Amino acid sequence: MHTDERDLKAFGRELRRLRVEAELTQQALARRISQRGTTISDSHLSDVENGRAMARPWLRKFLDEVLESDGRLDKLWEELTGSGRQVWLHEVIKRTHAADAILEYQPLVFPSYLQTEQYAHALIRYGSPWLSSKEVAVLAKERCERAGRMAQAEAPSLWLIIDQSVLARRYGSPAIQRAQLTRVADLVNSERLTVQMIPTNSPRHAGNSGPRRIITTADEPEVVYMESAEEGRIITDSAGIFRSRLLFTSLQGAARDPQETLEAIHDEMRKIDDE
């Protein structure tokens, strides 16, 4: 059986489960969808449920609406077939905060869920100069509030690997960077966060492939979020996830241990105090 056939059957099983849960026959479901302006036969629904036909985007949308499944079928289809697709920021935020564990590598900045408001403000202001001062302030405040909730929550477990240069970058001002380092050190000391640092002179540095976030959730498939300056993408296929896991393990091996990293953070804080 080809992969696409497995995907069709997996989608069909979930559709059947949701339809039965809603106490609808195939005929009744087809009728309700047809009432929305696009006629569909119960035989076509039967083909979709049995993995013999694909549900087009418009059909997935109507199925989710009629079955009141909160977008479950559309999300499932993307998880089954959508590896590498562009992802919206709100989806990443939702997945991140609902996860059981986050494994992340960042070569340039601390992740958004760890940022102070001033640090976030500096990153947004200079990274998106087309935004108004008001827009920057709103976005920075929202990011800070989410980071505050993350800091107080028991889950997800957070394991971060950063490049040593992240400690030295003075985004906004030395004072802003010092406050950010204090935030991270406090989270490490409270055992909310584990951080490792890749030395800048490491000869076995596997981080040139860019930042990535491995999002692990108990009741959903694991996904990887990769971002660039212009967009973010979700990776869902097993091969892509395996490669990210392997890369993260390689980075862990090249990184300083958590205690050494914490000492490096405190050293950088003292360096800022002496500037």
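Higher on the page you've got the structure.
Quantities reported herein were computed from a predicted structural model and do not represent experimental measurements. (Residues numbered from 1 in each chain as written. Predicted model: local features only at pLDDT ≥ 70, side-chain atom pairs only at ≥ 80, totals over all residues. Heavy atoms only, no water.)

## Overview of the overall build of the chain
When helices and strands are tallied, the chain shows 12 helices and seven strands. The principal-axis extents of the C-alpha atoms in the chain amount to approximately 75 × 45 × 30 Å. Looking at the chain as a whole, 45% of its 275 residues are labelled buried. Once local pairs closer than 6 in sequence are excluded, the contacts in the chain between residues at least 24 apart make up 71%. A total of about 14800 Å² of accessible surface is found on the chain, and carbon and sulfur atoms cover 50% of it. (Helix = DSSP H or I, 4+ residues; strand = E, 2+ residues; numbered from the N terminus. Buried < 20%, exposed > 50% of the residue type's maximum accessible area, 1.4 Å probe, protein only. Contact = heavy atoms within 4.5 Å. Areas by Shrake-Rupley, 256 points an atom, 1.4 Å probe, with all protein chains shown as cover.)

## Some words on the nonpolar core
Core analysis: the largest hydrophobic core is formed by 33 residues, its most contacted members being Phe110, Ile162, Leu167 and Leu193. Taken together, the elements giving at least two residues each to this core come down to helix H7 (117-127), strand E3 (157-163), helix H9 (165-168), helix H10 (174-189), strand E4 (193-198), strand E6 (220-227) and helix H12 (258-274). Among the elements that take part in this core, H10 stands out by supplying six residues, more than any other. Residues within four places of Leu167 in sequence aside, it is in contact with Phe110, Ile162, Gln177, Leu181, Met197, Ala264, Ile265 and Glu268. (Core = buried A, V, L, I, M, F, W, Y, C linked by side-chain atoms within 4.5 Å.)

## Remarks on the pairing of E4
A large share of E4 lies buried, amounting to five of its six residues. In the sheet, E3 pairs with E4 via six bridges, with the strands oriented parallel. Note on E4: the bridge partner recorded for Ile161 is Gln196. (Pairing = 2+ DSSP bridges.)

## Here's the deal with the pattern of salt bridges
Across all of its chains, the model carries 16 salt bridges by this definition. Here Arg270 and Asp267 are joined by a salt bridge, their closest N and O atoms 2.3 Å apart. Of this pair, Arg270 and Asp267 are both found in helix H12, three residues apart, which corresponds to roughly one turn of the helix. You can call Arg270 partly exposed: its relative accessible area is 46%. Looking at Asp267, the relative accessible area reads 42%, which means it is partly exposed. Here Glu268 ties to Lys271 by a salt bridge, and the two come within 3.8 Å at their closest N and O atoms. In this pair, Glu268 and Lys271 are both assigned in helix H12, three residues apart and thus about one turn of the helix distant. (Salt bridge = Lys/Arg side-chain N within 4 Å of Asp/Glu carboxyl O.)

## Things to note about the packing of aromatic side chains
This model, assessed by the stated rule, comprises four aromatic pairs. Centre to centre, the rings of Tyr119 and Tyr171 are 5.7 Å apart; their planes meet at 90 degrees, and the pair counts as edge-to-face. A residue pair is termed long-range when its members are at least 10 positions apart, and Tyr119 in helix H7 and Tyr171 in the loop between H9 and H10 qualify at 52 residues. What links up through ring pairs into an aromatic cluster is the set Phe110, Tyr119 and Tyr171. (Phe/Tyr/Trp six-rings, centres within 6.5 Å; stacked < 30°, edge-to-face > 60°.)

## Focus: the environment of Tyr126
If you trace the backbone, Tyr126 turns up in helix H7. Along the primary structure Tyr126 and Ala185 are separated by 59 residues, whereas in three dimensions their C-alpha atoms are 25 Å apart.

## Quick look at unusual backbone geometry
Of note, the bond from Ala155 into Pro156 is cis; its omega dihedral lies within 30 degrees of zero at 5 degrees. Even without being glycine, Glu68 reaches a positive phi, approximately 50 degrees. Among the secondary structure elements, Glu68 is positioned in the loop between helix H4 (57-67) and helix H5 (72-81). Note on Glu68: relative accessible area 71%, which makes it exposed.

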